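Observations on chain architecture
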Amino acid sequence: MTLALPGRRRAPRVLVITSGVIAAALLVPLVFLILQAGQAGWHDVFRLVFRRLTQVLLLNTVQLSVLVSAASAVLGTGAAFLVERTSLPGRRTWAVLVVLPVAVPDFVVGYAWHSMAPALHGLTGATVVMTLAVYPLVYLPVAAALRRADPSEEEVARSLGLGPVETFFRVTLRQIRPALTGGCLLVCLALLAEYGAFEIMRFQTFTTTIFSELTTAFDLPAASGLSLVLVLLGLIVLAGEAGVNTRGRVSRAGGQTTHLRARHRLRGGRLVAALAGMTALAGAALGVPVGTLVYWMVSSHASTLPGASLWGALEHTATYSAVAALVASVLALPVALLAVRFRSVSTMVLERSTFVVQSLPGLVIALALVFFASHYAHRLYQSATLLEVAYAILFFPLALVCVRASVAQAPRRLEEVGRSLGRPPWQVLLRVTLPLVAPGLAAGFCLVFLSAVTELTATLILVPTGVHTLATQFWAYQSNTSYGAAAPYAVVMVALAAAPGYMLTRWFNRDPGEARA
Amino acid sequence: MNTLELTGVHQRYDRQPVLDGVDLSVEQGSFTAVLGASGSGKTTLLRVIAGFERIESGVVRLGATVFDDGRSLLPPERRRIGYVPQDGALFPHLRVAANVAFGLPRKAGRQRIGPLLEAVGLTGMERRYPHQLSGGQQQRVALARALAIEPEVVLLDEPFSALDAAMRATVRREVAQILREQGTTTVLVTHDQDEALSMADRVAVLRDGRIVVDAAPEELYRSPLDADLAGFLGEANLLPGTVEGGVARTALGRLVLQDGLAAEWPEPGRGAVVLVRPEQLEVRTRAAVPAGGGIPARVIDRAFFGHDAVLRVVPAVLADGQALLVRVTGHSAPPPGAEVLLTVRAPVMAWPAPHGGGAADEAAPPAS
């Protein structure tokens, strides 16, 4: 009954100004992208955008998005259903195995398949590789939705005479539809931003074209024109995602339903088919990359191992990623506090605007920052700082999601109680809010860190001259088809990303009761 | 005397008035319950007193200290108001001792924890975390934490609603006793009339953003302001009738009115709504009573609660077959279908019927 009524509390000015500056800084790349296109001449840009090449790229992108989304939807939902709703043996293990591919960078999956089956390329190759790399983006939300969905709805459907298959399509699928659509849109955003895997598969998309315009043809107008198209596509997908999020609310009378549901019993042929399917999926998505890396590591053992340069690259990657993760999660705090504690139309717009960054691929952010540095801040050009800034901007939304969730979970009432016990606001922030939000800050740090470690595109453009990171070294070796030399870098990269990845799964799976009073 | 006083307090959300001119006065050391249905604005009232919400107009003051007058606001941390929210709201990252000491200076704090925990009966729990406590224990820690700052006023926001029924009665009694021992001024908001009536010295009823009545529990229950309130405070039989010379004529016969009612009655002979509480009705089996000792009636159903039972009884004299609620002890509850004799234990409460004249159609069915 005690609704947290949206009172007329005015947000503290410090918080509004800080958050405003952060939001503005995040939108800077977009501004520079437009400035850059303007400098190149709008006439040229339009001519370059409305040519046949753009049509081809658009067609490639749409085809790939449809194919990968559909395949991911089927694989992700199927796997989630088997794990969450059936008596599949070893469910806990499968649940980990089918999510793990998310920690393997897409370009490493591409490299693995390419080195194993060089004939695989083009649309087919890109579809196979990307589906195996991104289907966890569908699996995760759908599995969560299946866990949350009210089991009594299915039971009622069965009692009204529907068979299991009919129940799945008419009841279960409706319950998970928001999660499924949301997952597919995330897949589309990932496809728009991907570069490395497409380069390996020799599949031409916006990112690969922009990259070659930029690095080999040095054609800035063409690069910025195509970037604008890419950003526009991203914004369309993002708008779709926002629509799903607001429509996806499911109302339910009464409290939580956590009562045990009966799982579908798998026997005989179905059991064999289910196990075979899960094995094939885990094998293709996880087994092939890991197996390939191990194979190349072992077979190239005779050749000289790049000991010193591996350490150097590891150090650079770890430093850049850690700085970016720290910056992003610290900056996410004021925005999250403002959005959750002082909810109003203006704070919501401010918060939402930071999510626009999601539609900006790393390549585009890098491009805009290069333009910025070369025109206005020469000292930043080719500096580590610029790369760290790029990571922080690129992955800010990830940090915000984590921090926001824990701010929302920390009841405002606790802060009020702190005030009424005689503590001024800044003491309440230090002694109540921060300890409660700390897990979210840590999760935000982990998520940004592991994303930055496995980032390739922006790194290739912004990395200071003469400096190597794990991703750039791997990329350089694999481009020369020195698969054996590339493998150690990928292994170290995956290992570096795995530790925070493990902490994250613990954060997502923790018992919600722990956080409550 | 530091009386907590609210005068003409207005507050709204999105142009919707929530508090619409609240006047309330709570004397030092007294225990006032604010009773209101969901959405009546009672939680907002508490938040206004605590300082979590600003008011638009009116004055909130404690003795000579103005808390809020719609222009300037004394921040919550400077009001010395102990706040015990619905679920206790213990800091989950702090142990019991640290929760209790939260509002205390570091050194002095440690010495005070022991006596406070002893007062709420939780000695030895200092090193527990909130999630290791039961709901009732959490409530008591929250109370100790609020009492630690030696507050002028303690606010309780439906503090027992999250507890299960068996525990609620015990925790209620304990909390009321602790607060009385400490002599703290207390304001409790609740929608539960049992809680308000059993715990408080005064009960203020909040309806549509206003305090409509502020009275001692017995008075409020026996002589409610109107028929709606009578139904809100407990089960009520409402009968049409007419009032003349301190007596109400109803289908159940002539019933003596409560003292003072007749003197204030607007016009003799005017139609009235008469309140007969279920426990004011008595049933006996026909065999046990000599002829003429009551109104013949028939039991149509029975809700049995163990310690007592509520019967629905239809007297032959009520033309429209209206059923009356009768509370009897669990030991002597006649079964459905039994023929009984009804008697009324006067005096009764009555209000003038809304439009004068014949009151027959205004009589509401018994509220339950």
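Note that the coordinates shown come from a computational prediction; the quantities given were computed from them, not determined experimentally.

In terms of helices and strands, chain B carries nine helices and 20 strands. With the C-alpha coordinates of chain B rotated into their principal frame, the extents come out at 80 × 45 × 35 Å. Residues classed as buried in chain B amount to 41% of the 368 residues present.

When its secondary structure is counted, chain A shows 22 helices and zero strands. Radius of gyration (C-alpha) of chain A: 24 Å, near the 24 Å computed for a compact globule of 517 residues. Each principal axis of the C-alpha distribution contributes one length, and for chain A these read about 65 × 65 × 50 Å. Of the contacts formed within chain A by residues at least 6 apart in sequence, a portion of 84% connects residues at least 24 apart.

This part takes up the interface of chain B and chain A. Taken together, the contact between chain B and chain A spans 28 residues of the former and 25 residues of the latter. Taken together, the residues of the side of chain B that touches chain A sort by class into 14 nonpolar, eight polar and six charged.

Turning to helix α6 (residues 122-134) of chain A, a few remarks are in order. All names here are of chain A. A rise of 1.5 Å per residue sets the reference length of α6, with its 13 residues, at 18 Å; its end C-alpha atoms lie 18 Å apart and thus fit the reference within 8%. If you check which residues of α6 are buried, you get Gly 125, Ala 126, Val 128, Val 129, Met 130, Thr 131, Leu 132, Ala 133 and Val 134. Of the surrounding elements, those touching the buried residues of α6 are α3 (52-85), α5 (106-116), α7 (136-148), α9 (164-193), α10 (196-200) and α13 (268-299).

It is worth spelling out the confidence of the model for chain A at this point. Residue and element names in this part refer to chain A. Of all residues in chain A, 91% have pLDDT values of 70 or greater, and the mean over the chain is 84. Ignoring residues within four places in sequence, the model shows residues 1-7, a span with pLDDT below 50, making eight contacts including any to other chains. With pLDDT under 50 throughout, residues 248-258 is counted as low confidence; its partners more than four residues away or in other chains account for five contacts.

Here we come to the environment of A:Leu30. All names here are of chain A. Tracing the sequence through the fold places Leu 30 in helix α1 (residues 13-40). In this structure the C-alpha to C-alpha distance between Leu 30 and Ala 368, which are 338 residues apart in sequence, comes to 7.3 Å. Leave out the neighbours within four places in its chain, and Leu 30 touches Val 231 and Leu 360.

Residue and element names in this part refer to chain B. Taken in spatial order, the five strands line up as β15-β19-β16-β17-β18 in an open sheet, and their pairing is antiparallel. The outermost strands of the open sheet, each flanked by one partner alone, are β15 (281-285) and β18 (324-329). Across this sheet, the average inter-strand angle for adjacent strands is 50°, counted without regard to direction. Inspection of the sheet shows β15 paired to strand β19 (residues 339-344) by five bridges, in the antiparallel sense. Bridge assignment links Arg 284 to a residue of β19, and that residue is Leu 341.

Residues and elements named next belong to chain A. Where α1 meets helix α16 (residues 362-376), the axes come as close as 8 Å, and the angle between the chain directions of the two elements is 70°. It follows that α1 is roughly perpendicular to α16 by the angle criterion. Crossing of α1 against α16: the hand is left-handed. Together, Pro 29, Phe 32, Leu 33 and Gln 36 of α1 and Val 364, Ile 365, Ala 368, Leu 369, Phe 371 and Phe 372 of α16 make up the contact between the two elements. By residue class, the composition of the contact of α1 with α16 is nine nonpolar, one polar and no charged.

All names here are of chain B. If you walk across this open sheet you meet the four strands as β2-β1-β4-β5, and the pairing is antiparallel. Strands at the two margins of the open sheet, each flanked by one partner only, are β2 (16-26) and β5 (65-68). Taken over all neighbouring pairs, the strand axes of this sheet differ in orientation by 30° on average, direction set aside. Strand direction decides the pairing type here: strand β1 (residues 4-13) and β2, joined by eight bridges, are antiparallel. By the bridge assignment for β2, Val 9 is matched with Val 22.

All names here are of chain A. Running from amino to carboxyl end, α3 crosses α7 at an angle of 40°, the nearest separation of the two axes being 8 Å. One finds that α3 runs oblique with respect to α7. For α3 against α7, the interelement crossing comes out right-handed. Together, Ser 72, Ala 73, Gly 76, Thr 77, Ala 79, Ala 80, Phe 81, Val 83, Glu 84 and Arg 85 of α3 and Val 138, Tyr 139, Val 142, Ala 143, Leu 146 and Arg 147 of α7 make up the contact between the two elements.

The next thing to look at is α7(A). Residue and element names in this part refer to chain A. End to end, α7 covers 18 Å across 13 residues, agreeing with the expected 18 Å (1.5 Å per residue, within 8%). Along α7, the positions that sit buried rather than exposed are Pro 136, Leu 137, Val 138, Tyr 139, Pro 141, Val 142, Ala 143, Ala 145 and Leu 146. Where the residues of α7 are buried, they touch α3, α6 and α9.

Attention now goes to unusual backbone geometry. Cis geometry is found at the peptide bond from B:Ala346 to B:Pro347, where omega equals 0°. Looking at the element boundaries, B:Pro347 is found in the loop between β19 and β20 (349-352). One non-glycine residue, A:Gln382, lies in the positive phi region at around 65°. Not every positive phi belongs to a glycine, and B:Glu150 is a case in point at roughly 50°. For B:Glu150, a count of 12 C-beta atoms within 10 Å translates into the label exposed.

Now for the environment of A:Gly161. With respect to the secondary-structure elements, A:Gly161 resides in the loop between α8 (151-159) and α9. As a C-alpha pair, A:Gly161 and A:Leu434 span 273 residues in sequence and 52 Å in three-dimensional space.

Looking at chain B, the pLDDT average stands at 86 and 94% of residues meet or exceed 70. Interface confidence for the predicted complex, expressed as ipTM, amounts to 0.76; the pTM equals 0.78.

All names here are of chain B. Within strand β14 (residues 271-276), six of the six residues are buried, which leaves the element mostly enclosed by the surrounding structure. Side-chain alternation along β14 places Gly 271, Val 273 and Leu 275 on one buried face and Ala 272, Val 274 and Val 276 on a second face that is also buried. Of the strand pairs in this sheet, strand β11 (residues 237-244) and β14 are connected by six bridges, and their pairing is antiparallel. Across the sheet, residue Pro 240 finds its bridge partner in β14, namely Val 273. Where β14 lies against β20, four bridges are found, and the strand directions are antiparallel. Opposite Val 274, over in β20, you have Ala 350 as the bridge partner.

So, how was this worked out
- The residue numbering used here restarts from 1 in each chain and proceeds along that chain's sequence as written.
- As a convention, the first chain written is A and the first ligand written is 1, with the rest following in written order.
- Note on the predicted model: pLDDT of at least 70 is required for a residue's local features to be given, and 80 or more for side-chain atom pairs to be given and counted; whole-chain, interface and lining totals, by contrast, use all residues.
- Helix and strand assignments come from DSSP, with helices taken as H or I runs of at least 4 residues and strands as E runs of at least 2, each series counted from the N terminus.
- Exposure classes come from backbone-placed C-beta atoms, where a residue is buried if 20 or more other C-beta atoms lie within 10 Å of its own, exposed if 12 or fewer do, and partly exposed in between.
- Only the C-alpha atoms count toward the radius of gyration. The rule for a globule is 2.2 Å times the residue count to the power 0.38.
- Once C-beta atoms are placed from the backbone, any two residues with those atoms within 7 Å are in contact.
- Residue type decides the class: Asp, Glu, Lys and Arg count as charged, Ala, Val, Leu, Ile, Met, Phe, Trp, Tyr, Cys and Pro as nonpolar, and the leftover types, Gly among them, as polar.
- A helix's residues, less one, multiplied by 1.5 Å, set its expected span.
- Confidence of the predictor at the level of single residues is given by pLDDT, which spans 0 to 100.
- A pair of strands is labelled paired if DSSP reports no fewer than 2 bridges between them.
- Angles run from 0 to 180 degrees between N-to-C directions of axes, and those axes are lines fitted to C-alpha atoms, restricted for helices to the stretch in contact.
- Note that the term roughly parallel is reserved for angles under 35 degrees, roughly antiparallel for angles over 145, roughly perpendicular for angles of 65 to 115, and oblique for everything else.
- Helix crossings get a hand from a simple test, with the near helix turned counterclockwise from the far one by less than a right angle marking a left-handed crossing and a clockwise turn marking a right-handed one.

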